[in-house]
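Close look at the chain arrangement
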Amino acid sequence: MIDLQNIEKYYSNKGVKSYILRHVTTSIQEGEFVSIMGPSGAGKSTLLNILGMLEEPTYGVYNFMGEDVTSLNERKRIELYRNHIGFVFQAYHLIDEMTVAENIEAPLLYKKIGSSERKSRVADMLGRFNMVGKRDLFPNQLSGGQQQLVGIARALAAQPSVILADEPTGNLQSAQALQIMELFKKLNQEKGIAIIQVTHSEVNAQYGTRILHLLDGVIKEDIKTAS
Ligand code: ADP
Ligand code: MG
């Protein structure tokens, strides 16, 4: 599903290059559950953003579902993103002026999905996440854990092939974090949705079947977990 060949990312400042990612070469298959770990500043978010097409590498080839992402024009790239990728952010990134239901529906509008199908997917998500009673509330009326569930519901409503999550439980208490990890595991095992998460937590990382360790922009380790 994902193939990275010699991905590099650097910023040039007065002719001096500072590398964020170096020689990143790896593949991720459909249905995998991968955790990306590493110290702060290692390049984890940059790598996830490149996978999510939110940032472009300086060098290298990124192939997603048989498409060379780096050579696609912006319109094609956005279409590929909308059809396959659900992004979940640490800080939720919900739209404050929209209700829970409207937030979940928003990506479906971009995908030009018809009104009745949109309503049915939103209802399905609200039901699945036990948030039917919260459909008309605004994000600031929810707990952090509930906001992140809305963030995940929004990513899932578009029926992605892969969920990319950057420290999705970084702002949550451990009980809520556990709930999110169990949800990811279920989505991965029952729906075959690939999960790629950045995490600082060894416990969270073990939910995955594989852990990539990044250090100074380089993949230092790529190990299979026991699960
Ligand atoms: P992580 O998520 O592992 O903490 P990031 O991918 O966010 O790391 O960042 C890796 C490094 O890249 C950091 O040292 C950060 O300061 C640097 N960086 C990120 N964006 C820019 C930018 N626009 N210009 C220069 N350096 C940047
Ligand atoms: Mg980060």
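Relevant structure appears above.
Predicted model only: the values in this text are computed from it and were never measured. (Residues numbered from 1 in each chain as written. Chains lettered and ligands numbered in written order. Predicted model: local features only at pLDDT ≥ 70, side-chain atom pairs only at ≥ 80, totals over all residues. Heavy atoms only, no water.)

Re the environment of Leu94
As a reminder, the rule being used: Numbering goes from the N terminus for both helices and strands, where a helix is a DSSP run of H or I of at least four residues and a strand is a run of E of at least two. Classification of residues uses two cut-offs on accessible area relative to the type maximum, computed with a 1.4 Å probe and protein chains only: under 20% is buried, over 50% is exposed, and between them is partly exposed. In what follows, residue pairs with any heavy atoms lying within 4.5 Å of each other are defined as contacts.
With respect to the helices, strands and loops of the structure, Leu94 is situated in the loop between strand E6 (85–88) and helix H3 (100–110). On the basis of relative accessibility, which here comes to 12%, the residue Leu94 falls in the buried class. For the pair Leu94 and Gln147, spaced 53 residues apart in the sequence, the C-alpha separation amounts to 7.7 Å. Once residues lying within four places of it in the same chain are set aside, the contact partners of Leu94 are Asn103, Pro139, Gln147, Val150, Gly151 and Arg154.

Comments concerning the site of ligand 1
Put simply, the test is: Distances are taken per atom, and a residue is near a molecule or strand as soon as one of its heavy atoms is within 4 Å of it. What qualifies as a polar contact is a pair of N or O atoms within 3.5 Å, subject to a donor-acceptor requirement within protein and to the restriction that residues adjacent in sequence count only when both atoms come from side chains. Only the protein chains shown count as cover for residues, and all accessible areas are computed by the Shrake-Rupley method using a 1.4 Å probe. Note that Gly is not counted as nonpolar here; it falls among the polar residues with everything else outside the nonpolar set of Ala, Val, Leu, Ile, Met, Phe, Trp, Tyr, Cys and Pro and the charged set of Asp, Glu, Lys and Arg.
Taken together, Tyr11, Ile20, Pro39, Ser40, Gly41, Ala42, Gly43, Lys44, Ser45 and Thr46 make up the full set of residues near ligand 1. For ligand 1, an oxygen atom lies 3.2 Å from a polar atom in the backbone of Ala42. Thr46 places a side-chain nitrogen or oxygen 2.5 Å from an oxygen atom of ligand 1. Protein contact buries 55% of the 580 Å² of open area that ligand 1 shows by itself. Looking at which element gives the most residues to the shell around ligand 1, the answer is helix H1 (residues 44–51), with 3 residues. Grouping the constituent residues of the shell around ligand 1 by class yields 4 nonpolar, 5 polar and 1 charged.

Considerations on the sheet that holds strand E1 (residues 2–13)
In plain terms, the rule: For two strands to be treated as a pair, DSSP must find at least two bridges joining them. A fitted line through C-alpha atoms represents every axis, and for helices the fit uses only the stretch in contact; the resulting angles, taken between N-to-C directions, go from 0 to 180 degrees.
Here 4 strands make up an open sheet; going across it, the order is E2-E1-E4-E5 and the pairing antiparallel. The outermost strands of the open sheet, each flanked by one partner alone, are strand E2 (16–28) and strand E5 (67–68). Along the sheet, H1 makes contact with E1, E2 and strand E4 (59–64), crossing E1 at roughly 125°.

Describing empty space enclosed by the protein
Just so we agree on the cut-off: For cavity detection a 1 Å grid was placed over the protein atoms alone, and a set of points counts as a cavity when a 1.4 Å probe fits there but cannot get out; an open set counts as a pocket when protein lies on both sides within 12 Å along at least five of seven lines, with lining residues being those that have an atom within 4 Å of a point. Grid points are joined across faces, edges and corners, and a volume is the space filled by probe spheres set on the points.
With the rule as written, the count across this model stands at 1 cavity of 30 Å³ or more. Counted as a void, the largest cavity has a volume near 50 Å³. Surrounding the largest cavity, Ile50, Met53, Glu55, Glu56, Pro57, Tyr62, Val69, Thr70 and Arg77 form its lining. Class assignment of the residues belonging to the lining of the largest cavity gives a composition of 5 nonpolar, 1 polar and 3 charged.

Some points on the side chain of Glu167
For the record, the criterion: Charge counting treats Lys and Arg as positive and Asp and Glu as negative, with His and both chain ends excluded. Think of a salt bridge as a Lys or Arg side-chain nitrogen and an Asp or Glu carboxyl oxygen that are within 4 Å of each other.
By the element assignment, Glu167 lies in the loop between strand E7 (162–166) and helix H6 (174–191). No salt bridge is formed by the buried Glu167. Its closest oppositely charged neighbour is Lys44, at 4.9 Å.

Concerning the sheet that holds E7
Across the sheet, 6 strands lie side by side as E6-E7-E8-E3-E9-E10; this open sheet has mixed pairing. Strand pairing shows two members of the sheet lacking a second neighbour, E6 and strand E10 (218–224), which therefore form its edges. Here the average twist between neighbouring strands, direction ignored, is 15°. Here 4 bridges tie strand E3 (residues 33–37) to strand E9 (residues 210–215), and the two strands are oriented parallel to one another. Residue pairing across strands places Ser35 opposite Ile211, the latter belonging to E9. Those strands touched by helix H2 (residues 74–84) are E6 and E7, and its axis lies near 80° from that of E6. Across the sheet, helix H5 (residues 144–157) is in contact with E6 and E7; its angle to E6 comes to roughly 170°.

Here's the deal with unusual backbone geometry
Residues other than glycine seldom take positive phi values, yet Lys14 does so here, at roughly 50°. Within the fold, Lys14 resides in the loop between E1 and E2. Here Lys14 falls in the exposed class, since its relative accessible area comes to 80%. In the Ramachandran plot, Met53 falls in the positive-phi region, its phi being about 65° despite a non-glycine side chain. Looking at the secondary structure, you find Met53 in the loop between H1 and E4. According to the relative accessible area criterion, Met53 is buried, its value standing at 12%.

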